[in-house]
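Below are the chains, spelled out letter by letter.
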Amino acid sequence: QVQLVESGGGLVQAGGSLRLSCAASENIFRGNTMGWYRQAPGKQRELVARISSGGSTHYADSVEGRFTISRDNAKNTVYLQMNSLKPEDTAVYYCSIDRSWGPVHWGQGTQVTVSS
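Here the structure is a predicted model, which means the values were calculated and not measured. (Residues numbered from 1 in each chain as written. Predicted model: local features only at pLDDT ≥ 70, side-chain atom pairs only at ≥ 80, totals over all residues. Heavy atoms only, no water.)

K.L.:
Whenever I open this one, the sheet that holds strand 8 (residues 77-82) confuses me. Can you help?
P.N.:
Sheet strands line up and pair through hydrogen bonds in the backbone, either parallel or antiparallel. Strand order in the open sheet formed by four strands is 1-3-8-7, with antiparallel pairing between adjacent strands. Of all the strands in the sheet, just strand 1 (4-7) and strand 7 (67-72) have a single pairing partner and so form its edges. Going across the sheet, the axis of each strand differs from the next one's by a mean of 15 degrees, ignoring polarity. Taken together, the six bridges between strand 3 (residues 18-24) and strand 8 define a ladder with antiparallel strand orientation. From the neighbouring strand, Leu18 faces strand 8, where its bridge partner is Met82. (Pairing = 2+ DSSP bridges. Helix = DSSP H or I, 4+ residues; strand = E, 2+ residues; numbered from the N terminus. Axes fitted to C-alpha atoms, helices over the stretch in contact; angles between N-to-C directions.)

This is how it looks when you write it as structure tokens:
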């Protein structure tokens, strides 16, 4: 059974930081590319960052230099460190398992709200 459980969202002032975590069941974590996506009200879900099983990373232009994705294979967990947060980062953030053609599994999401 595929399980992705996000945590770490909350309310933060602009310029602040949050760290999101996504715990995955072991049978799906190893060998898979993991992603973080977000969806703001009235907008489409968009890729924030992605990390391969080997640790290669990719970021959306809007978060490059502010967000860092990482993974701990021993804990079956992927993280998203978010610094210098802006009001436009406000969204529900989702963890995913990504294939070459796109995300195939989602977590339930965690709300991030950045106040100005």
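K.L.:
I keep staring at unusual backbone geometry and nothing clicks. Help me out?
P.N.:
Negative phi characterises most residues that are not glycine, and trans characterises most peptide bonds. A positive phi angle, close to 50 degrees, is found at Asn76, a residue other than glycine. Secondary-structure assignment places Asn76 in the loop between strand 7 and strand 8.

K.L.:
How do you make sense of the nonpolar core when you look at a structure like this?
P.N.:
For soluble globular proteins, nonpolar side chains are generally found buried alongside one another. The biggest cluster of nonpolar side chains holds 29 residues, and the ones touching the most others in it are Trp36, Val78, Leu80, Met82 and Tyr93. Counting only elements with at least two residues in this core, the list comes to strand 3, helix 1 (26-29), strand 4 (33-39), strand 5 (46-51), strand 7, strand 8, strand 9 (91-99) and strand 11 (110-115). The residues contacting Tyr93, other than those within four sequence positions of it, are Glu6, Leu20, Trp36, Tyr37, Arg38, Val48, Phe67, Leu80, Met82, Gly109, Thr110 and Val112. (Core = buried A, V, L, I, M, F, W, Y, C linked by side-chain atoms within 4.5 Å. Buried < 20%, exposed > 50% of the residue type's maximum accessible area, 1.4 Å probe, protein only. Contact = heavy atoms within 4.5 Å.)

K.L.:
Explanation requested: the state of the cysteines in the structure shown.
P.N.:
Two cysteines, two sulfur atoms, one covalent bond between them: this is a disulfide. In the structure shown here, the tally under the stated rule is one disulfide. Covalently, Cys22 is tied to Cys95 through a disulfide, its sulfur atoms 2.1 Å apart. Taking the sign of the S-S torsion, -80 degrees for the link of Cys22 and Cys95, the bridge is left-handed. Taken as a pair, Cys22 in strand 3 and Cys95 in strand 9 lie far apart in primary sequence, 73 residues in all. (Disulfide = S-S within 2.5 Å.)

K.L.:
Sorry if this is basic, but what is going on with the environment of Thr77 here?
P.N.:
Here Thr77 is to be found in strand 8. Looking at Thr77, the relative accessible area reads 9%, which means it is buried. Remark: the alpha-carbon pair of Thr77 and Ala49, spanning 28 residues in sequence, is separated by 15 Å. A distance of 2.8 Å separates the side chain of Thr77 from the backbone oxygen of Lys75, its partner in a polar contact. (Polar contact = N/O pair within 3.5 Å; in protein donor to acceptor, adjacent residues only side chain to side chain.)

Such coordinate-based values are descriptive only and should not be taken to indicate function.
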